[in-house]
Amino acid sequence: MRPPRRPIQSVTAWVRRQPPKVKAFLAVITGMTVLIILRAIVNDHDNLFVAAEAVHSVGISVLIYKLMKEKTCAGISLKSQELTAIFLAVRLYCSVVMEYDIHTVLDLATLATTLWVIYMIRFKLKSSYMEDKDNFLLYYVLAPCAVLALMIHPSTSHHLLNRIFWAFCVYLEAVSVLPQLRVMQNTKIVEPFTAHYVFALGVARFLSCAHWVLQVLDSRGHLLVALGYGLWPSMVLISEIVQTFILADFCYYYIESVFGGQLVLRLPSGVV
């Protein structure tokens with residue numbers, strides 16, 4: 001006799017059977033519910049941005065632990081790490097010349113650990129790097145982000161070059177995880193440490209998106225005016241939402257795998 005299913009398993013099985021439109025609707029409802037809860041329990045919504053950076057740092061720490069413990073970088077996208085280093089370096093520059101606050105310190109720490117991961121993959125653990133699976137072409141994201149930054153950027157009083165750099169790092173951050181998703185798409189099997197890292201990225205992206213959405217709601221739209229005029233304020237919100245939804249599908253299967261007691265995450269065809 002089969003043991004009775006746990007409630008979470010019954011729910012995930014039901015969700016899995018639903019058509020894509022229903023899944024999308026459920027995802028939107030879930031996201032809105034979490035936003036309402038965060039708005040109610042978090043007094044200072046700036047803390048959400050700090051929390052996003054902290055979760056990102058935890059994810060990278062998990063990645064570092066994997067590299068040091070298992071002595072392999074299999075399943076990790078070097079190209080995603082390089083894109084992450086690029087947008088962090090640009091954002092760090094913008095933070096220094098335009099605001100200089102706690103975000104500057106957090107970005108510096110995250111950039112340093114990301115550079116260390118890149119060094120390990122390129123030199124120390126190069127033999128285990130899955131170069132054939134990490135086949136996403138970087139100019140597919142770098143070129144569009146650069147063009148978009150030239151066309152749509154903040155209209156603040158800062159120097160034009162700094163405003164373009166700011167826009168570039170916002171757009172690049174939104175799509176920097178795409179090479180990692182391509183690696184997982186090619187392998188179909190994601191080992192635990194890499195899965196934990198990507199899930200942490202998903203949580204960090206959601207917290208960052210929640211920070212912006214709640215800030216806009218709290219200011220009754222005045223924040224959008226403070227960011228400038230034209231398309232830029234809308235593009236900031238769109239970028240935050242895009243980077244959240246890019247990882248939403250993976251996060252769903254990660255949670256399902258964890259509650260199902262599976263150590264290795266196996267992704268169905270078409271995911272990510």
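Here the structure is a predicted model, which is why all the values come from computation and not from measurement.

Quick notes on the overall build of the chain
Step number 1: On a plain count of helices and strands, the chain comes out with 11 helices and 2 strands.
Step number 2: Ordered by position from N to C terminus, the α and β elements of the chain give α-α-α-α-α-α-α-α-β-α-α-α-β.
Step number 3: Of the roughly 14400 Å² that the chain leaves accessible, carbon and sulfur atoms contribute 68%.

Description of helix α4 (residues 78–98)
Step number 1: Over its 21 residues, α4 runs 30 Å from end to end, which matches the ideal 30 Å to within 8%, given 1.5 Å per residue.
Step number 2: Taking burial as the measure, the 21 residues of α4 include 16 buried ones, the bulk of the element.
Step number 3: A side-chain oxygen of the first residue of α4 lies 3.4 Å from the backbone nitrogen of K79; this N-cap is S77.

Re the pattern of salt bridges
Pairing of side chains with opposite charge becomes possible as their charged atoms draw close.
Step number 1: For the structure on display, the rule yields 6 salt bridges.
Step number 2: Linking R91 and E53 is a salt bridge whose minimum nitrogen-to-oxygen distance equals 3.0 Å. Taken together, the positions of R91 in helix α4 and E53 in helix α3 (residues 46–70) put the pair 38 residues apart, joining distant regions of the chain.
Step number 3: By relative accessible area, R91 is classed as buried at 14%.
Step number 4: By relative accessible area, E53 is classed as buried at 5%.
Step number 5: E70 is the salt-bridge partner of K66, the closest N and O atoms lying 3.7 Å from each other.

Some remarks on empty space enclosed by the protein
Step number 1: Inspection of the entire model under this criterion finds 2 cavities of 30 Å³ or more.
Step number 2: Looking at the largest cavity, its volume works out to about 60 Å³.
Step number 3: Contributions of two or more residues to the lining of the largest cavity are made by α3 and α9 (192–218).
Step number 4: Its residues assigned to classes, the lining of the largest cavity comprises 2 nonpolar, 3 polar and 3 charged.
Step number 5: Empty space within the second largest cavity amounts to approximately 40 Å³.
Step number 6: Lining the second largest cavity, in full, are H56, S80, T84, S176, V177, Q180, Y197, L201 and R205.
Step number 7: Going through the elements one at a time, α4 and α9 are the ones with two or more residues in the lining of the second largest cavity.
Step number 8: Of the residues forming the lining of the second largest cavity, the biggest block, 3 residues, is contributed by α9.

Describing a nonpolar patch on the surface
Step number 1: A contiguous nonpolar patch, built from Y93, V96 and V97 and spanning about 240 Å² of accessible area, is present on the exposed surface.
Step number 2: Its place among the elements puts V97 in helix α4.
Step number 3: Classification of V97 by relative accessible area gives partly exposed; the value is 40%.

Some remarks on the UniProt feature "transmembrane region" (unreviewed entry) in the chain
Step number 1: Per the UniProt record, the feature "transmembrane region" (unreviewed entry) sits at residues 24–42, 104–123, 135–152, 164–181, 193–214 and 234–255.
Step number 2: From the first C-alpha to the last, residues 164–181 spans 27 Å; its make-up is 89% helix and 0% strand.

Overview of the packing of aromatic side chains
Step number 1: With the rule as written, the count across this model stands at 9 aromatic pairs.
Step number 2: Note on Y93 and F165: the rings are 5.8 Å apart at their centroids and 85° apart in plane angle, and the pair reads as edge-to-face. Residue Y93 is located in helix α4, and its partner F165 is located in helix α7 (residues 160–175); the two are separated by 72 residues in the primary sequence.
Step number 3: With relative accessibility at 36%, the residue Y93 sits in the partly exposed group.

So, how was this worked out
- Residues numbered from 1 in each chain as written.
- Predicted model: local features only at pLDDT ≥ 70, side-chain atom pairs only at ≥ 80, totals over all residues.
- Heavy atoms only, no water.
- Helix = DSSP H or I, 4+ residues; strand = E, 2+ residues; numbered from the N terminus.
- Areas by Shrake-Rupley, 256 points an atom, 1.4 Å probe, with all protein chains shown as cover.
- Expected span 1.5 Å × (residues − 1).
- Buried < 20%, exposed > 50% of the residue type's maximum accessible area, 1.4 Å probe, protein only.
- Polar contact = N/O pair within 3.5 Å; in protein donor to acceptor, adjacent residues only side chain to side chain.
- Salt bridge = Lys/Arg side-chain N within 4 Å of Asp/Glu carboxyl O.
- 1 Å grid on protein atoms, 1.4 Å probe; cavity = no way out; pocket = protein on both sides within 12 Å on 5 of 7 lines; lining within 4 Å.
- Points joined across faces, edges and corners; volume = space filled by probe spheres on them.
- Nonpolar A, V, L, I, M, F, W, Y, C, P; charged D, E, K, R; others polar.
- Patch = residues over 30% accessible without salt bridge, like charges linked within 9 Å, V, L, I, M, F, W, Y side chains within 5 Å.
- UniProt positions renumbered as here; feature names shortened; annotations may be inferred.
- Phe/Tyr/Trp six-rings, centres within 6.5 Å; stacked < 30°, edge-to-face > 60°.

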